[in-house]
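The residues making up each chain are set out below.
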Amino acid sequence: MPHPDAGNNGGPTDGTSDGTSDDATDATTDAATDGNAGYGRKPFKRSRSHFADRITADGRDGWPVEAGRYRLVVSRACPWASRAVISRRLLGLEEAISLALTDPIQDDRSWRFTLDPDGRDPVLGIRFLSQAYDAREKDYPGGVSVPALVDVPSGQLVTNDYQQITLDFATEWAALHRPGAPDLYPEPLREEIDVVMAGVYRDVNNGVYRAGFATGQSEYDAAFRDLFRRLDLLSERLHDRRYLVGDTLTEADIRLFTTLVRFDAVYHGHFKCNRFKLTEDPVLWAYAKDLFQTPGFGDTVDFHHIKQHYYRVHTGINPAGIVPAGPDLSGWLTPHHREELGGRPFGDGTPPGPVPPAEEVPPSGRPEHLLTGSAPRPHPGAGSDPGSRTVRS
């Protein structure tokens, strides 16, 4: 893909990232900069996926597509993991790939399953996602990230390469898609999709983290400029078209949505991305609301998990751990009028069916329950125990 914005299916070309997690290079053992407290205190750089095996139709990496064999481990708080949740739902892979939800407030050992009875995932039988990493590679020294696909029979991590996971859901898992599933990565549009995703990744998805975890003014200023330059370009692009590429939903829309839906709730204040709020850009706000109100998008979003994670885990930039009461999120349910631009959300397909009852977002995470001034509900499993594992989201 020769375009300067293209590379790695939407990832950067400088070899610094896989997009799966937040990582700071030049880590030390100093407690002041280790684990969650290190965010904003160490130079920010996104690392490559260590586990990049693929689950494919032909099983060429040793992991064939097989219904019921793999478990998708995610946090609803994490934008990278949310892409996989949305893709799985749009494509109707719920019965083929089971879902494990972690607590949004993890400790330094890794994402934990404290939302489940006895603090263990009921399928994998583990307390921490790090145990699946260690089952694959004993004493694996790196960070533990979501999304993660785990092989249920062996308990081993297969891949944490979220850049590829969703593309494979759209292509390699096609035989198990629901009837009427959309084509999220249509072959005739892939070059354009890749170009759009690359710019979105570098300047928006990763850009908010570059700004939020900057350790110096010039570093922050550069990230801030790149972010809002790209948002301006996206607003212009979406002014007279409903979706980013073509007239249907694609992988590009999923990747932009997971950052936009968190923008006002966390990135505007917590990460100092404050040239404007999402609600102050009429085009981007209407576009994001359109997606939120489309089955498969908003019904996967848990604003409570999002706010609890960012404000309570990133103690390096929010040492008091105070979670703001606002903003008023009920606007996500107001009319967007984007249907006037035409477009066919699911192409020749159909919307997904109802959310499986076990996967419904609880009322505490829905926008109609999160108005300005309402106090966040206490979260089960909240708290932090000291540990040794770098946790990345």
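Right above here is the structure, for reference.
First, a word on scope: everything that follows refers to the structure included in this document. (Residues numbered from 1 in each chain as written. Predicted model: local features only at pLDDT ≥ 70, side-chain atom pairs only at ≥ 80, totals over all residues. Heavy atoms only, no water.)

Quick notes on the packing of helix 1 (residues 79-91) against helix 7 (residues 251-270)
This is how the line gets drawn: Axis angles are defined between N-to-C directions and span 0 to 180 degrees, where every axis is a line fitted to C-alpha atoms and, for a helix, only to the segment in contact. Each helix corresponds to a stretch of at least 4 residues labelled H or I by DSSP, and each strand to a stretch of at least 2 residues labelled E; elements are numbered beginning at the N terminus. For classification, angles of less than 35 degrees are called roughly parallel, those exceeding 145 degrees roughly antiparallel, those between 65 and 115 degrees roughly perpendicular, and all remaining angles oblique. Take the far helix as the reference: if the near one is turned anticlockwise from it by less than a right angle, the crossing is left-handed, and if turned clockwise, right-handed. Throughout, a contact is declared for two residues whenever any of their heavy atoms are within 4.5 Å. Under the grouping applied here, Gly and all other residues not named as nonpolar or charged are polar, the nonpolar ones being Ala, Val, Leu, Ile, Met, Phe, Trp, Tyr, Cys and Pro and the charged ones Asp, Glu, Lys and Arg.
Packing of helix 1 against helix 7 leaves a shortest axis separation of 9 Å and a crossing angle of 130°. Put simply, helix 1 runs oblique to helix 7. The handedness of the crossing between helix 1 and helix 7 comes out as right-handed. Of the residues in helix 7, those touching helix 1 at P79, S82, R83, I86, S87 and L90 are I254, R255, F257, T258, R262 and Y267. The residue makeup of the contact of helix 1 with helix 7, split by class, is six nonpolar, three polar and three charged.

Looking at the sheet that holds strand 4 (residues 148-151)
Definition in use: Pairing between two strands is assigned when DSSP locates at least 2 bridges connecting them.
A sheet is described by the order of its strands in space; here four strands give the open sequence 2-1-4-5, paired in mixed fashion. Each having just a single partner strand, strand 2 (98-101) and strand 5 (156-159) make up the two edges of the open sheet. Strand after strand, the sheet turns through a mean of 35° between neighbouring axes, direction not considered. Alignment of strand 4 against strand 5, held across three bridges, turns out to be antiparallel. Opposite D151, over in strand 5, you have Q156 as the bridge partner. Each of strand 1 (70-74) and strand 2 is contacted by helix 1, which is oriented at about 130° to strand 1, the strand it contacts most.

Observations regarding the pattern of salt bridges
Let me state the cut-off plainly: For this analysis, a salt bridge means a side-chain nitrogen from Lys or Arg found within 4 Å of a carboxyl oxygen belonging to Asp or Glu. Throughout, exposure labels follow a simple rule: accessible area from a 1.4 Å probe, protein chains only, divided by the maximum for the residue type, with under 20% read as buried, over 50% as exposed, and the rest as partly exposed.
If you walk through the whole model with that rule in mind, you get 22 salt bridges. A salt bridge links R54 to E172; its shortest N-O distance comes to 3.7 Å. Pair noted here: R54 is in the segment before strand 1 and E172 is in the loop between helix 3 (162-171) and helix 4 (190-205), with a separation of 118 residues, a long-range link. On the basis of relative accessibility, which here comes to 23%, the residue R54 falls in the partly exposed class. The partner of E172 in a salt bridge is R60, and the shortest N-O contact between them spans 3.8 Å.

It is worth stressing that arrangement in space is one thing and function is another; only the former is reported here.
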